[in-house]
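Structure at a glance
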Amino acid sequence: MPESLKCVVLISGTGTLLQALLDTIDTGGLAATVVAVGADRQAEGITRATSKGIPTFVLPLRKGQDRELWDRDLATAVAQFEPDLVISAGFMKLVGTHFLTQFGGKFINTHPALLPSFPGAHAVRDALEAGVKVTGCTVFAVDEGIDTGPIIAQEAVDVLPHDDEATLHERIKIVERRLLVEVVKNWRKDG
Ligand code: GRF
């Protein structure tokens with residue numbers, strides 16, 4: 001039995017990616033433990049974690065607040081759980097140098113487009129506006145840039161003629177959940 005991988009998951013939204021990880025762990029399909037869930041707001045994902053008895057923390061980044069201080073606080077909050085892997089699963093904030101220095105190499109993110117196409121916060125909308133026929137999702141290692149880190153895994157999703165942002169994003173997320181679970185499954189602690 002492989003040793004359980006200790007994961008901290010960061011979220012900002014509904015947390016269905018988080019739920020996919022938790023469900024796979026529950027059914028024995030993933031030798032990992034979500035040791036904590038963090039967010040930058042009171043999100044549905046926090047409620048999901050609480051209902052499973054997983055420790056949570058919420059660190060909002062308020063307008064005008066010192067970003068570097070927030071970044072340090074985030075790193076401190078994550079570090080206390082001594083994770084092997086930190087997963088940004090729909091966490092809509094960019095971390096800073098301090099966080100990356102501490103967790104670089106073991107901090108991954110998932111993005112609803114085939115990077116390097118359509119980086120940023122509106123990937124699905126941008127792909128639709130560009131008229132692409134195929135988009136998808138990417139799991140990558142986070143670096144200092146906006147969605148620029150080394151790509152770990154990708155999968156394509158067709159854009160259908162009547163897709164809007166919501167329908168396309170929902171189909172992407174179905175694939176994204178599976179892809180993220182696969183990457184975590186294949187993650188080796190020692191690189
Ligand atoms: C995912 O598509 C993620 O890539 C994006 O936000 C979505 C998160 O979905 N940044 P959920 O909150 O896990 O349902």
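Given the structure is predicted, the values throughout are model-derived calculations rather than measurements.

Remark: the centre distance and the inter-plane angle together describe each pair of aromatic rings, the angle taken between the planes. This model, assessed by the stated rule, comprises four aromatic pairs. Ring plane angle 15 degrees and centroid distance 6.2 Å describe the contact between F57 and F81, whose orientation is recorded as stacked. Separated by 24 residues along the polypeptide, F57 in strand β3 (residues 56-58) and F81 in the loop between α3 (67-79) and β4 (85-88) bring together distant segments of the chain. Just as F57 is buried, F81 falls in that class too. Centre to centre, the rings of W70 and F91 are 6.4 Å apart; their planes meet at 15 degrees, and the pair counts as stacked. Residue W70 is located in helix α3, and its partner F91 is located in the loop between β4 and α4 (97-103); the two are separated by 21 residues in the primary sequence. Through pairs of rings, three or more aromatic residues link up here, namely F99, F103 and F107.

Before going further, it helps to examine the environment of A77. Structurally, the position occupied by A77 is in helix α3. The spatial distance from the C-alpha of A77 to the C-alpha of I146 is 23 Å, given a sequence separation of 69 residues. Setting aside residues no more than four positions away along its own chain, A77 makes contact with F57 and L59.

This next bit is on the sheet that holds β4. The sheet built from seven strands is open, its strands ordered β3-β2-β1-β4-β5-β6-β7 with mixed pairing. A strand with exactly one partner marks an edge of an open sheet, and here the two such strands are β3 and β7 (151-158). Looking at each pair of strands side by side, their axes are set apart by 20 degrees on average, direction ignored. Pairing of strand β1 (residues 5-11) with strand β2 (residues 32-39), which is carried by seven bridges, proceeds in the parallel orientation. In the strand pairing of β2, L10 is matched with G38. Against the sheet, helix α6 (residues 165-186) engages β1, β2, β4, β5 (107-111), β6 (134-141) and β7, with an angle of about 150 degrees to β7.

Quick notes on the rules
- Residues numbered from 1 in each chain as written.
- Predicted model: local features only at pLDDT ≥ 70, side-chain atom pairs only at ≥ 80, totals over all residues.
- Heavy atoms only, no water.
- Phe/Tyr/Trp six-rings, centres within 6.5 Å; stacked < 30°, edge-to-face > 60°.
- Helix = DSSP H or I, 4+ residues; strand = E, 2+ residues; numbered from the N terminus.
- Buried < 20%, exposed > 50% of the residue type's maximum accessible area, 1.4 Å probe, protein only.
- Contact = heavy atoms within 4.5 Å.
- Pairing = 2+ DSSP bridges.
- Axes fitted to C-alpha atoms, helices over the stretch in contact; angles between N-to-C directions.

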